[in-house]
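So you can see what is in the structure, the chains are spelled out below.
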Amino acid sequence: MKKVFRLRGLDCAVCAAKMERAAGKIDGVNSVSIAYITGRMTLDADAERFDEVLAAVEKACSRIEPDLRIVR
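Nothing here was measured: the structure is a model prediction, and the numbers come from that model.

Describe the sheet that holds strand 1 (residues 2-8), and please don't skip the residues or the numbers.
Strand order in the open sheet formed by four strands is 2-3-1-4, and the pairing between neighbours is antiparallel. Sheet topology places strand 2 (29-35) and strand 4 (69-71) at the edges, where each strand pairs with a single neighbour. Each strand of the sheet is rotated relative to its neighbour by a mean of 30°, with strand direction disregarded. In terms of strand pairing, strand 2 meets strand 3 (residues 40-45) through six bridges, oriented antiparallel. For Ala35, the partnering residue across the bridge sits in strand 3 and is Arg40.

Go over the pairing of strand 1 with me, naming the residues and quoting the values.
Bridge count for strand 1 against strand 3 is five bridges, and the pairing is antiparallel. Directly across from Arg6, in strand 3, lies its bridge partner Arg40.

Outline the pattern of salt bridges, supporting the account with residue identities and numerical values.
Where charged atoms from two side chains of opposite charge approach closely, those side chains can pair. For the structure on display, the rule yields four salt bridges. With a closest N to O distance of 3.8 Å, Arg49 and Asp46 form a salt bridge. One connected set of salt bridges, linked through shared partners, spans Asp27, Asp46, Arg49 and Glu52.

Break down the UniProt feature "domain: HMA" (unreviewed entry) in the chain for me, with residues and values.
Mapped onto this numbering, the UniProt entry annotates "domain: HMA" (unreviewed entry) at residues 1-69. This span, residues 1-69, is 39% helix and 30% strand, and a straight line between its end C-alpha atoms measures 21 Å.

Which residues make up the packing of helix 1 (residues 13-24) against helix 2 (residues 50-64), and what values do they have?
Where helix 1 meets helix 2, the axes come as close as 9 Å, and the angle between the chain directions of the two elements is 145°. Seen along the crossing, helix 1 lies across helix 2 with a hand that is right-handed. Here helix 1 contributes Cys15, Lys18, Met19, Ala22 and Ala23 to the contact with helix 2, which in turn contributes Val57, Ala60, Cys61 and Ile64. Of the residues belonging to the contact of helix 1 with helix 2, the class tally is eight nonpolar, no polar and one charged.

Thresholds, definitions, all that
- Residues numbered from 1 in each chain as written.
- Predicted model: local features only at pLDDT ≥ 70, side-chain atom pairs only at ≥ 80, totals over all residues.
- Heavy atoms only, no water.
- Pairing = 2+ DSSP bridges.
- Helix = DSSP H or I, 4+ residues; strand = E, 2+ residues; numbered from the N terminus.
- Axes fitted to C-alpha atoms, helices over the stretch in contact; angles between N-to-C directions.
- Salt bridge = Lys/Arg side-chain N within 4 Å of Asp/Glu carboxyl O.
- UniProt positions renumbered as here; feature names shortened; annotations may be inferred.
- Left-handed = near helix turned anticlockwise from the far one by under 90°.
- Contact = heavy atoms within 4.5 Å.
- Nonpolar A, V, L, I, M, F, W, Y, C, P; charged D, E, K, R; others polar.

Next up, the structure:
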């Protein structure tokens, strides 16, 4: 399942790249792309576990950018 989310609190292009790498390592993520310029994240993950995977991605990203919020 592929979905696009807005990101609030994304302050740094380098942080966006770090978050993309961290999210890509999470079990269940097929692919992830974070665009700093548009403030959007495209997440492709297992449909059966999508909410669980999204929560893990959010947790991983908030370690890098503490004020980040994924708008659902």
